[in-house]
Structure formats: structure tokens, C-alpha cells
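# Report on the structure
In case you want the letters, here they are:
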Amino acid sequence: MELVSQHAKRIMEGCKERARDAGLKFQEQSLEYIVTNRDFLQLSPKNMIPTLYDYWVQDVEVLKEQGQYELYPNNPYETVINTRPPISFYNDNNPDWLNVMIFYHVLGHIDFFQNNLFFRNTWDYDFAAKALADKRIIAKLRSEKGRWVDYVIEFARSVDNLVGYFDVLLSLSENSKKLTMIDYYFDVFLQDKEREKRSIASYVAEIELYNKSIREFPGDGEERFIDYVKKKHAEFEPLFEKAAKDWHKGGRRDVLQFLMENSKFLGREENKWMLTVIEVVRATSLYFQPQIRTKILNEGWASYWHDALFLKDDRIKGHEVDYAVINAKVTSMPRVGLNPYGLGMRLFAYLEQQSEKGKMTFDYRRISDQHKRKQYNESTGRGKDFIFSIRENLCDSMFINRFVDQEFVDLHKLFVVDRRLNKERMTWEYYVKSRKAEHYKAMIADSLYHPPAINIHVDDDNALILSHVFENKPLYRDYIEGALLGIEFLWGGKTCLYTFEPEPVKRDPSQSGTEEEPSREIKWRRVRYTMKDKKMTRVMVD
Amino acid sequence: MNKQLRALYDSLKERGLTAEQDSMIRRELDLQNQNGDHDCVVAPAIRGIYAYNDQAMQGNTSPQNLMALNSVQSLDYLLERDKQREKDGFPRKIRIGKMVKPSQEGDDKVVIVPTTVEEKLLHDQVRTGGDGDGGGDGQGGQGGSGDGEEGEIIGEQPVRPEQGAGQGGAGQGEGGGHDIESNAYDLGRILTEQFELPNLKDKGKKRSLTKYTYDLTDKNRGFGQILDKKATLRRIIQTNIALQRIKGHGAVDSQDLLISPGDRIYRILSKEKDYESQAVVFFVRDYSGSMGGKPTELVVNQHVLIYSWLIYQYKNQVITRFILHDTEAKEVDNFQTYYNSSVAGGTQVSSAYALVNKIVEDENLERDNNIYVFHGTDGDDWDTKGEKAIPELRKMLTYASRVGITIAENGYGISGQTEVEKYVRKSGLLEEQSKLLRIDVISKDSTESRLITGIRELIS
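The rules behind the values
- Residues numbered from 1 in each chain as written.
- Chains lettered and ligands numbered in written order.
- Predicted model: local features only at pLDDT ≥ 70, side-chain atom pairs only at ≥ 80, totals over all residues.
- Heavy atoms only, no water.
- Helix = DSSP H or I, 4+ residues; strand = E, 2+ residues; numbered from the N terminus.
- Buried < 20%, exposed > 50% of the residue type's maximum accessible area, 1.4 Å probe, protein only.
- Contact = heavy atoms within 4.5 Å.
- Areas by Shrake-Rupley, 256 points an atom, 1.4 Å probe, with all protein chains shown as cover.
- Pairing = 2+ DSSP bridges.
- Axes fitted to C-alpha atoms, helices over the stretch in contact; angles between N-to-C directions.
- Patch = residues over 30% accessible without salt bridge, like charges linked within 9 Å, V, L, I, M, F, W, Y side chains within 5 Å.
- Salt bridge = Lys/Arg side-chain N within 4 Å of Asp/Glu carboxyl O.
- Expected span 1.5 Å × (residues − 1).
- Polar contact = N/O pair within 3.5 Å; in protein donor to acceptor, adjacent residues only side chain to side chain.
- pLDDT = per-residue confidence, 0-100.
- Lys, Arg positive; Asp, Glu negative; His and termini not counted.
- Parallel < 35°, antiparallel > 145°, perpendicular 65-115°, else oblique.
- Left-handed = near helix turned anticlockwise from the far one by under 90°.
- Nonpolar A, V, L, I, M, F, W, Y, C, P; charged D, E, K, R; others polar.

### Describing the overall build of chain A
Looking only at helices and strands, one finds 24 helices and 11 strands in chain A. Taken over 542 residues, chain A has a buried fraction of 50%. If you take every contact in chain A between residues at least 6 apart in sequence, the share linking residues at least 24 apart comes to 69%.

### Notes on the overall build of chain B
In terms of helices and strands, chain B carries 13 helices and 13 strands. By the burial criterion, 49% of the 460 residues in chain B qualify as buried. Long-range pairs, those at least 24 residues apart, make up 77% of the contacts in chain B between residues at least 6 apart in sequence. On chain B, roughly 22,100 Å² of surface is accessible, and the fraction owed to carbon and sulfur atoms is 47%.

### Re the sheet that holds strand β8 (residues 464-468) of chain A
Strand-to-strand pairing in sheets goes through backbone hydrogen bonds, with the strands running parallel or antiparallel. Residue and element names in this part refer to chain A. Here we have five strands laid out as an open sheet, ordered β7-β8-β9-β10-β11, and mixed in their pairing. This sheet does not close on itself; its edge strands, each paired only once, are β7 (454-458) and β11 (535-540). Direction aside, the axes of adjacent strands within the sheet are offset by 25° on average. The pairing of β7 with β8 spans five bridges and is classified as antiparallel. Opposite I456, over in β8, you have L466 as the bridge partner.

### Quick look at a nonpolar patch on the surface
Residues and elements named next belong to chain B. Together, L233, I237 and I241 give the surface a local cluster of nonpolar side chains, amounting to about 260 Å² of exposed area. One can find L233 in helix α6 (residues 229-242). On the accessibility criterion, L233 (49% relative accessible area) is partly exposed.

### Comments concerning the pattern of salt bridges
Across all of its chains, the model carries 53 salt bridges over all chains by this definition. Taking the shortest distance from any N to any O, the salt bridge between A:D54 and A:K46 comes out at 2.7 Å. Given the relative accessible area of 12%, A:K46 is considered buried. Across the pair B:D256 and B:R245 runs a salt bridge, and its minimum N-O distance is 3.3 Å. Taken together, the residues span a long stretch of sequence, with B:D256 in the loop between α6 and β7 (265-275) and B:R245 in the loop between α6 and β7 at a distance of 11 residues. Residue class for B:D256 comes out partly exposed when judged on its relative accessible area of 45%. In this structure B:R245 comes out as partly exposed when scored by relative accessible area, which is 39%. When salt bridges that share partners are traced, they join A:E154, B:D82, B:R85, B:K93 and B:E119 into one network.

### Remarks on the sheet that holds strand β2 (residues 31-35) of chain A
All names here are of chain A. The four strands lie next to each other as β1-β2-β4-β3, forming an open sheet whose pairing is mixed. On the outer flanks of this sheet lie β1 (2-3) and β3 (78-81), each paired with one strand and no other. Bridge analysis of β1 against β2 gives two bridges, and the strand direction is antiparallel. Residue pairing across strands places L3 opposite Y33, the latter belonging to β2. In this fold helix α4 (residues 96-115) packs onto β3 and β4 (87-91), with an angle of close to 20° to the strand it touches most, β3.

### Side note on helix α17 (residues 340-356) of chain A
Residue and element names in this part refer to chain A. The first and last C-alpha atoms of α17 sit 24 Å apart over 17 residues, in line with the 24 Å expected at 1.5 Å per residue. Counting buried residues in α17 gives 14 out of 17 residues, a clear majority hidden from the surface. Here α17 starts with a cap whose side-chain oxygen sits 2.8 Å from the backbone nitrogen of Y341, and that cap is N339. G358 lies just past α17 and shows a positive phi near 75°.

### Focus: the confidence of the model for chain B
Residues and elements named next belong to chain B. With 65% of its residues at a pLDDT of 70 or more, chain B has an overall mean of 70. Across chain B, the element-wise mean pLDDT spans from 56 in helix α5 (residues 178-194) up to 88 in α6. Predicted confidence is poor over residues 35-45, with pLDDT under 50, and the contacts of this stretch with residues over four places away or in other chains come to 34 contacts. This stretch, residues 60-73, has a pLDDT under 50; its non-local contacts, to residues over four places away or in other chains, come to 25 contacts. ipTM for the predicted complex: 0.79, alongside a pTM of 0.65.

### Observations regarding the confidence of the model for chain A
On average, residues of chain A carry a pLDDT of 86, and 94% of them reach 70 or more. In this model, residues 512-516 of chain A is a region of pLDDT below 50 whose contacts with residues beyond four sequence positions or in other chains number zero contacts.

### Here's the deal with the side chain of B:R285
Residue and element names in this part refer to chain B. The topology assignment puts R285 in strand β8 (residues 278-286). Despite its burial, R285 pairs with no opposite charge, the nearest such side chain being D286 at 7.0 Å. Apart from the residues within four sequence positions on either side, R285 is in contact with T296, V299, V300, I323, L324, H325, Y338, Y339, S341 and G376.

### Regarding the packing of helix α1 (residues 6-21) of chain A against α4(A)
Residue and element names in this part refer to chain A. The contact between α1 and α4 brings their axes to 9 Å, and the two run at 50°. Judged on the interaxial angle alone, α4 and α1 are oblique. Seen from above, α1 lies across α4 with right-handed handedness. Residue-level inspection shows H7, A8, I11, M12, C15, K16, R18 and A19 of α1 in contact with α4, the latter providing D96, V100, F103, Y104 and L107. Classifying every residue of the contact of α1 with α4 by side-chain character gives nine nonpolar, one polar and three charged.

See the structure below:
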């Protein structure tokens, strides 16, 4: 691994200049390294961070990728990591014109990393250096504790997708305020279904009472109202205090943090070193959370800019066709499948155009005449601003949910594909299932990263109770045992997981054989997995 | 419904079936009626959003010089580590995987790679319908783009891929080029060393290896290092018969025999070709209707492992034969077909056993070969008492070095109650021929390590 040549660096600086002129914002310094294909293979299991801690699963991945490379050799061009300064890796055999395209793509990523709000808490962060420190800590521990360090890494990683990213963001944000009595009273206390059944009218009456109190006593209306509440509900104060305590804990769904704070096993003097290991795993996982939640945006943004800037670059005259071939490979939409590069890039271009014509407004939405809609053009000149604000403020789920509309789906001829069995020909037929924007949106939403939400309790026998919040999706059953094994180890005792599993409702045999296949009905059953002494049991609870 | 099957079913019914047996048979018949499909197809290469990355997308896929895979050292190290896990009380995590690059000529390229998964709590698709239920897909659909009306078919893919059309992960090929053999050999070595499988006995000598040992085996007339007395005497007698000094009747006077100079036979130290013992392995698989999904996968995976292990044991001197059976048995010529084929008919184990016996007899395989028969089934058999299967099995045991039966229960019935298991146990062959016949019953949810334990059971 070595720094790029001065020649390539000069090209990079030229790209930076042009990118800045186009409105991209990024810091002055950046590091570019030349790596070989073999380096790429070794770096990719480490998320391209050479200083990331060592772990045997990465070795397995490297061996696997080397095997794959032997069968399907390829020649990757670049990757970039989000750290300060940003580091990007390049293959050593790229021609100059290709480097121009690649540098623009990389600059798109860097701009995204340094301006998207989901990355805000990584903005001043030299992750490569932090990772190096972590790597050394783990190496040191490994020299003392041997393979047990790897078990702890493994078990911590088995729940590292459950770090409460949004909870952490909330606790970091400046707006995170104390839980007030008023908020608690209206948002939680009054709405607690178990306490008593309340009608909406009585809830509204309480609000009215509060408003009245504020109106009549501008100075201390709130306090008077609280006094009234305390008098009316004797249990209010202790409940509030308990809630306020929990509120400050934050990270309610962060299983790793919960274990670190509450596990008696980890609290023992001889096990304290494990906390260090778990913290490293947790911090690393948190660091990658924004990346995984902005895949379409990030790749779309980088592709949008390499396309926009490359063709305007005077240095590449004569290589337009070469470029077109490479660009098409990256950004074409597959006949079947979902390419985040292509989708993101098209959505950005579409939104820029829509906004340019003033179509992102209420006035436009009110028009139902198709012809008028087509002709609509306000020439606002605000297209670029609009996409820059998207790059700053959104993550994938918001991006897709807000902006994929029928016009976009029609424009790019998008559809949802499904497959069915053709019994005569014994083939799977892939067919166009739907061209409706809502279905397309739902399909993408389904493929986005969405770890399960887990609530944590400890029961009287000191057993850890995890309840999976029901979202019409089951957990992947084959992995439950492995994950629970790890949690049991870190918790140091019995661990239960409550979840839901679908049970198909048997079809009426008299109906089978009809033309229309009846939609499959599902009954959701509540299931409890218990892990005790490395043995797992599964029971239905209803 | 197939007429033949129907007739067979009726004749069985006449002879009397219990309600369970009847329902078992009916289920397989139903499956055939629905053209019930086995879920053997490799998932199409559709990637999720997170499978895309800069390296892959901008990677130039034109072939480069191949890189030598020089990782045996660390693979061994990782496996050693995995063994240590077991001692520490955690399940093993590394699996030995195979990657296949199919090619037109059939000499698929295979590499052996370790694989592992990091188990986490993740959301899953809602899956309904059990294995072997060939209905819809149960997946929520994928993205697509381009022309086509709603409902229009934009492509299709065979449920049972043609030979060579597999997309990788299809397991070990047979025949083919050197790569496959050498990799299966590696896998076998790993299996033997890491999983401590036993070695086998030699039998018969036939094919040569290009390997020589030095021994007093070369015979020469007139000179040499050691006089081979027996051979010399034999020549002397031949000479004297020719000279009519020895006649048919009457005593021979040994003092009176003439000895020709050429009669003396000496042995001389010389280099000799060494012959490796050789094995013929029959892989027999039930591919009837009830074998859908998981049982098939388990059986085939186990057979891949056994195959690799035998290749190692016999230094590549293994001939493999693949036999599939439902109510009738047929031989197929390679592993691909063996792996991918499925039908939805009934089950008659005896048909397969009879075919093995016939092949062995016709080709006189018994003389020079160790013969192994590995049979994988879900345990259903229409021949419920084994009236036909047991005699065939007995016959097989007269020549086979080992018969291993794997019963991968399909989960429809009660565990330990499959027809095959019942009649084999009842026949007493397991005790009588305990050195030759082994049976291994695994559940539908077995893991790879369970399969390896099973192999140990089958061949120890």
C-alpha cells in the first residue's frame, strides 16, 4: 500500500477544484492510496479500514474471497472510507481518464459523508486512528486472555446490530431535554391503557383544564396544574420519578449497552476486561450505522456527481465512449433486481428536474389535468438547492418514502417482479407484479436495513427477558440459537426471547385446485426461546 | 396419475395396508399429481441493495491471471481453532464450503473455501408452506425495470437446472477435470484429519500408480540373487514332463529328474510398480415425492463429504456410480444430475438395491474392488415390510465392504418409525452383519457437524 503518485494526486486536486465549483463541500486534505487486488480482498472484510481490530471471521472471509477471486477474478477500482481525513483506495492500473471519473465518484462520497446529518457525529472523527487504538487494546488483551477475547468479540457482535443508533442520536442531540411532568402526564400517564379506560372526551377535558390554568395564572399556571394532578392521582409522583430515571438512561433498545451496565457477570472484577472489548465492538458498530442507513442516497449521490462532472471535464476529451461503457455498468437498472447506484442517481436527477420546474409544490399537486401537469414549468432555478438539501437531511427510508411517486416509476419503467411456478413447463416464471408506486415503494422499504426492535427487562430470578417488538415480521430462526448463546454468556445467566412466528393456516382442501390460488393466511403465534446453560428450548406461549 | 404407480398401489392395497401406510403412499401420489416440486433450484442471482459496493460495481470483470490460492496453512489454523471451540463448550462455526464455476465443457472449476456466519437477530421473510410444497414463492418480490405489462412474464428459469447450468453452490462434480478431483482430495484430507475419520482396509489390486517400490520380485532365469525354489521346481517338473520322464501314473523318482540350465529361477531386487487398492462407491438416493427440500439436501451433502473422503482414502482411485430411485431405479452419469434430479413418485427401495446387485454382477466389480454402497432416503417405502428390499440387501452384504443407510426423516411421521428403519432393524441384519451394515437416522434440522458424525457412524 502506498500513496498515489504525484501525477494522480494532481488529477485529484483538479477534480476537487471543479467539484467545489459545482457546489460540493469537503475538507481540504484527503489521502489516496494505491492498493493491489489482493489488498482489496484483505481489506474488504474489515470494511476497508486497515486498522480495524483483527477477528477470525475476517480471516474466513478473506479466504473465501480469495477463492472467489480465483474463480471470478475482478479488478476493483476504488473504495473510500469516512474518517478524517477521508481515505480512499485505488487500483494501480487505472488510466488517467478513468481516474477522473473515479475521483469524482469518491468526492461525491466524501461530500456526502461530511454533510449528511446522519454522519454529524463522525464529522470530527479520525476513525482510522481510533480503530488503531482499539486494535492495539484488543491485541494486548489477546496476549493476556487468549482466545477468550475472540469469544467476547463474537458474542458482542452477535448483538451489535441492536445498538440503539437513534436512541444514541437522541441523547447526543442538543434538543434532548429532561422529561417534564406535563409531558409525562399527557403523553404517558393518561394514555396508559392498563391504568384505566379513558374516553377521548375526558382526555380533552384534561387538556382544557391545563390550558385554562395557563390562561388564568400566567405566572405559575403549570405548577398549579401539577399540584392538581398530584392531588388527583396519588401514584403520579413515584411513577414519574421512575420514568424520569429510565428516561435519562437513554439507549433503551441498546442491548450491548444494557449488558455493559447491568450484567453482574461482566461486573465481576476478573471479567472487567470484557467491557473494553464490548465497547470497541459497540463503537465500531455505531460508527457504521449511518453508512448502512444511507446506501441508496450515498451511492446515488456519488454516481450523480461523477456523471455530472465527468462530462464537463475538459481533460478527458476523446474518452467519452470509454466512459459511457463503465458508467453504464455502474448505473444501469437491471431487468430484475435493485441497483442502489442507478436508483439513487435517477431519483436525484428526477428531483432536481421536478424542483427546477416548480413541481415540488402544493400548487402543482393540486393539478389533476395530465396535460397541464406535463406542461407545468415555473423555471424556479432551485433544482440544485433542492437536491443539496436532500443530501443534507435525509436517510434512505425517508428518501424512498417521500419521493418515489408514480411519475418517477413511470418515467423509468420501474416495476415489482415476482416469480411463480409454471407446472407444465416446470420453470419459475418471473413476471411483472405491479407498476404501482406504492407497491414499488413497499418493496424497496422491505429490502432496506431494518434490525428488529428489542425491549429489555430483567425478571425476579435475574433472568434477562428480551421481547421482540412485533412488526409483522418473524426473526430468522436459524440464527436465534447462536445469538442467544452469546447473550447468555455476556449476561451470565438464563436468557429468554419472546417473539412471534407465523403459522400457516391450513387451506381448506376443497378449495385447492381452483384456478385462483387463495392468499395464504397466517396466524401469528407468540413463542418463547429460553437459553440456559447453552441449551435452547422453544415453547409456544399464548 | 401414472398408471403403473396406480397399479402398484392397488396391488399393495389388496395385500393389506395399515391406515398410516396408506396415507403415506397417498401423500406421495398426491404430490405427484400436483407435480410437486423439489426445491433444489439455486436461487437466482438477484442481489439486495447492500450487496452492491463500489469495488464490485466499478470492478472490471475481464479475466486476469489467476492467483494461486495459498491458504491451506491458515485454513488448517482456523479449523484447529474451531476444534478448540468445541472443547470450550461452544458449537463449531466454520463450515467447509465449495464454490463452483460452471463451464460449458462440463469441467466445472471448484474451490474449497471456509465459510461461516455471524448469527444475529434479524428479520426474516414470512415463509409459509413446508418443504416440497411447490406452490408460490412466498417472497415479497424484487425490483425490476423495463417494458412489460402487469402480469406479463419477463423471464423464466428451469426449476431443475440442466446439467452444467447450476449457478454455483451445486456441490461436487464428478468426472470432469483435474481441479475437481484435487479439491475433493483436499476436502477429504481435511475431513480425515480434522474430523478424525477412520481409515479403510485394502482389497484387491488393479490400477497402477506411477510409483515404484523396490522388492525381490523380478524373476530371472539363470542368474539372480536368491533362488526361487518353488518356481524352479515347477519348471523342472515341466521340463521332465516334456521329456516324458514323468508320466501320469506311478511314483516320481526325484533323484532321476533332469535339470535344464534354464530351469533355475532366481529372484532379483528390482523396482516394481505398486498397485493401489481401489473402490467402487455406489451413491444411491431416493428421489421420490416425499424427499422434497431438506432431506434431499442433507443426503446429498453427506454424499459429497463421503465422496471427498473416499477420494482421499484411495488416492483418487475411486469409481463412483450414481443411482436414483423412486419406484424404479436408474443410473445417472454424474453428480450434477444426481444432485439436481427429482420426481414425485412413490418409493421402492428394493428397486435400487436390485440395480446395484445387477451392476456388480454384470461388471464383475466384486473381484478387484472394495464396494461401498451409501443409500440416502427419508425412510418411506411402499414395500412396507421390506419383503423385497431385505433379500436384495442380504445379497449386497455378501460382497460389499460397507453398506451405509442414511435416513433423513422428512418430518411427516413419528421419528424412529420410518418403514425402512423398521424393517432393517427387524431383519436382524444390523446385529448379524454389524461390520458391514450401518444405519444413521438424522432429523430434518441436522447441521453439517451432525452429518460428519453420521459419516463416522457409517464408515467406522
